[in-house]
Every structure is written in C-alpha cells, then in structure tokens.
Amino acid sequence: MKALTISTFGLVMLLALTPVLQTGCQTMSKEERQAKRAAKKKSKKGNKARSGPDLTPVVPQRDSYGRVNTSLPFLAITFDDGPHPTNTPRLLDILKAHDVKATFFVVGTNARRYPQILRRMIAEGHEIGNHTLDHAKLTNLSPAAVEKELGVTHQTILDATGVAPRLMRPPYGAITASQKSWIKKKFGYPSILWSVDPEDWKRPGVSVVTSRLVSGARPGGILLAHDIHKPTIDAIPAVLQQLKQRGFQFVTVSQLIALDGKG
Ligand code: NI
C-alpha cells in the first residue's frame, strides 16, 4: 500500500512535471545553441584579430604620406591645431566610447598650456604628431626657423608625455619637397598630409562634415579634421559609426604607415 502510494504519487508528479521538463529541455537546448553560436562567433573574431596585419610602427620609407598604399580596410583619423581645453576632452570621451585610436597634430603653444590633455591622449592609446610651435607656414621660413618651430614643439611633447613624436604635419599643407626631405633627415619625421579634407574649419555644418568624411574614406586613407571646432566634434560619433559599418578599422598614422605596400 505504501509502495503503491509512492508510485502513484510519483506517476502523478511525473505527469504533472512532464510539460515543465519538456519546456526546460527545449529552453536549455535553445540556450545551448545560442551559447554555441556566440562561442563560434567569438572564436572567429579571435582568429581574425590573431591573423590581422602587423601594426607595429616601422621606420617610414617615404618623406611624405597623403595616404598609405593598401587595400586593407584601415583608416587614420587625424585632428589638428589643438589641444583645446573643452573640445579635445569631449572628443577623447567619444573616441573612448567607440574604441577608436586617433592621431593629434598639436600646436606647440597649445601643448604647453594643456600638457595634461596630451598625457591623456597617450594614456588612451592615441598618437601625437608635431604641427609646429605657432602654426607657421613653413614655406615662408628659413631652415633655422623651421628647425626651431619643430624642435621646440618636439621637446614640449616629449616633456609633457615622455613620448617623442614620430610625425609632423605642415600647417596649411604648405611644405616644399626639399623641406620634406630635410625634415625627414633631421627629425626622422615623415610629413603627413591627408586624403580627405572636409574643410571643417569653414564650418559647413555637422551633416556636411559627416558626409564628406564618410564618402571620402578609402582603404589606407588619412582623414583630416580639427579638434578646436565644436561642430567637428559633434560630427565624429556618426562618422565613426558609419565608417565602422562600412567595415573600416581606425589606427594611428604610424600604424597605418606600417601597412604601406601590404595587402
Ligand atoms: Ni593646422
């Protein structure tokens, strides 16, 4: 009687639990399938990262780069003329949120005023390049004056961050072939120009800056922008989002140069 009671109870419980057990089994297997898919995706991503190109900076072969010769989907986004006390920190927040590394061509006089912003750039994985001491038009200057413009700024960046700049960008893009060659020999800097100029300094509006940067991007491209203008900073989240959607990855200019002639 006792045994019958237990077995009846057991049978009733089994019947009562059957739908629960079935649902439970279905849920588990669905979860398992999802987990399996996620693991597969993760391992694919991991493989991709492991088999990605070597981005270790190399000694630049050319005196000057307006873009880098690669068909790999890499871009460098660059910001000139800062640092600016409010716009640059806001830009750094945006870059951090999007996990994007950029290159800042700083003016020496601004670098002196805001060394803590330079330290933040380096701490967050960005690159700092030399944009002269006071935004000088180098084509108007003697070799001694060019050396001072670049030398003083080089030391200012090094003193602020402990990291020596490896690149320069001539203000207004104004530089002669012989200056490029001499600067490369003297400082080791290639002169970095650009492949996309949205003319953001003319303040054409956020959506125009966005569409010019996005539509101009090609593999190996160097995008020009200015972190001293608020509307430029306002454009950057959409620029990064749209270019990532198109499959581009952002690297610093020195990392991009490491891809020159590869792929
Ligand atoms: Ni400039």
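Residues numbered from 1 in each chain as written. Predicted model: local features only at pLDDT ≥ 70, side-chain atom pairs only at ≥ 80, totals over all residues. Heavy atoms only, no water.

### What to know about the overall build of the chain
Okay, step 1: From N to C terminus, the chain includes nine helices and seven strands.
Okay, step 2: Across the 263 residues of the chain, 40% fall into the buried class.
Okay, step 3: Sequence separation of 24 or more characterises 80% of the internal contacts of the chain that already satisfy a separation of 6 or more.
Okay, step 4: As displayed, the chain has an accessible area near 13900 Å², and 58% of this comes from carbon and sulfur atoms. (Helix = DSSP H or I, 4+ residues; strand = E, 2+ residues; numbered from the N terminus. Buried < 20%, exposed > 50% of the residue type's maximum accessible area, 1.4 Å probe, protein only. Contact = heavy atoms within 4.5 Å. Areas by Shrake-Rupley, 256 points an atom, 1.4 Å probe, with all protein chains shown as cover.)

### With respect to the nonpolar core
The nonpolar side chains of a soluble globular protein tend to be buried with one another.
Okay, step 1: Ranked by internal contacts, the top residues of the largest apolar core, which has 34 residues, are Ile77, Phe104 and Leu243.
Okay, step 2: Only strand E2 (74-80), helix H2 (87-97), strand E3 (103-106), helix H4 (115-123), helix H5 (143-161), helix H7 (206-216), strand E6 (221-226) and helix H8 (230-245) provide two or more residues apiece to this core.
Okay, step 3: Residues contacting Leu243, with those up to four places away along its chain left out, are Leu75, Leu213, Val214, Ala217, Leu223, Phe248 and Phe250.
Okay, step 4: With 13 residues, the next largest nonpolar core counts Phe74, Ala76, Ile222 and Leu259 among its residues. (Core = buried A, V, L, I, M, F, W, Y, C linked by side-chain atoms within 4.5 Å.)

### With respect to empty space enclosed by the protein
Okay, step 1: Taken as a whole and judged by the stated rule, the model has one cavity of 30 Å³ or more.
Okay, step 2: If you add up the space inside the largest cavity, you get close to 30 Å³.
Okay, step 3: Lining of the largest cavity is provided by Pro57, Val58, Pro60, Arg166, Leu167, Ser254 and Ile257.
Okay, step 4: Split into classes, the residues belonging to the lining of the largest cavity amount to five nonpolar, one polar and one charged. (1 Å grid on protein atoms, 1.4 Å probe; cavity = no way out; pocket = protein on both sides within 12 Å on 5 of 7 lines; lining within 4 Å. Points joined across faces, edges and corners; volume = space filled by probe spheres on them. Nonpolar A, V, L, I, M, F, W, Y, C, P; charged D, E, K, R; others polar.)

### Looking at the coordination of the nickel ion
Okay, step 1: Binding of the nickel ion to the protein goes through Asp81 (OD), His131 (NE2) and His135 (NE2), at separations of 2.0 to 2.1 Å.
Okay, step 2: Each donor residue of the nickel ion belongs to the same chain, with the gaps between them written as D-x49-H-x3-H. Remark: His131 occurs in the loop between strand E4 (127-130) and H5 and Asp81 occurs in the loop between E2 and H2; sequence separation between them is 50 residues.
Okay, step 3: By relative accessible area, Asp81 is classed as buried at 13%. (Donors = N, O, S within 2.8 Å, 3.2 Å for Na, K, Ca; no water.)

### Regarding helix H6 (residues 177-187)
Okay, step 1: Along H6, the residues that are buried comprise Gln179, Lys180, Ile183 and Lys184. The buried residues of H6 occupy one face: seen down the axis, they fall within an arc of 135°. Of the exposed residues in H6, those oriented more than 90 degrees away from the buried face are Ala177, Ser178 and Lys185. (Arc of directions from axis to C-beta.)

### Side note on the pattern of salt bridges
Okay, step 1: A full pass over the atoms with the stated rule returns ten salt bridges.
Okay, step 2: Lys101 serves as the salt-bridge partner of Asp99, at 3.9 Å between the closest nitrogen and oxygen.
Okay, step 3: Since its relative accessible area comes to 59%, Asp99 is described here as exposed.
Okay, step 4: When the shortest N-O distance is used, the salt bridge between Glu124 and Arg120 registers 2.8 Å.
Okay, step 5: Note on Glu124: relative accessible area 17%, which makes it buried.
Okay, step 6: With a relative accessible area of 22%, Arg120 lands in the partly exposed category. (Salt bridge = Lys/Arg side-chain N within 4 Å of Asp/Glu carboxyl O.)

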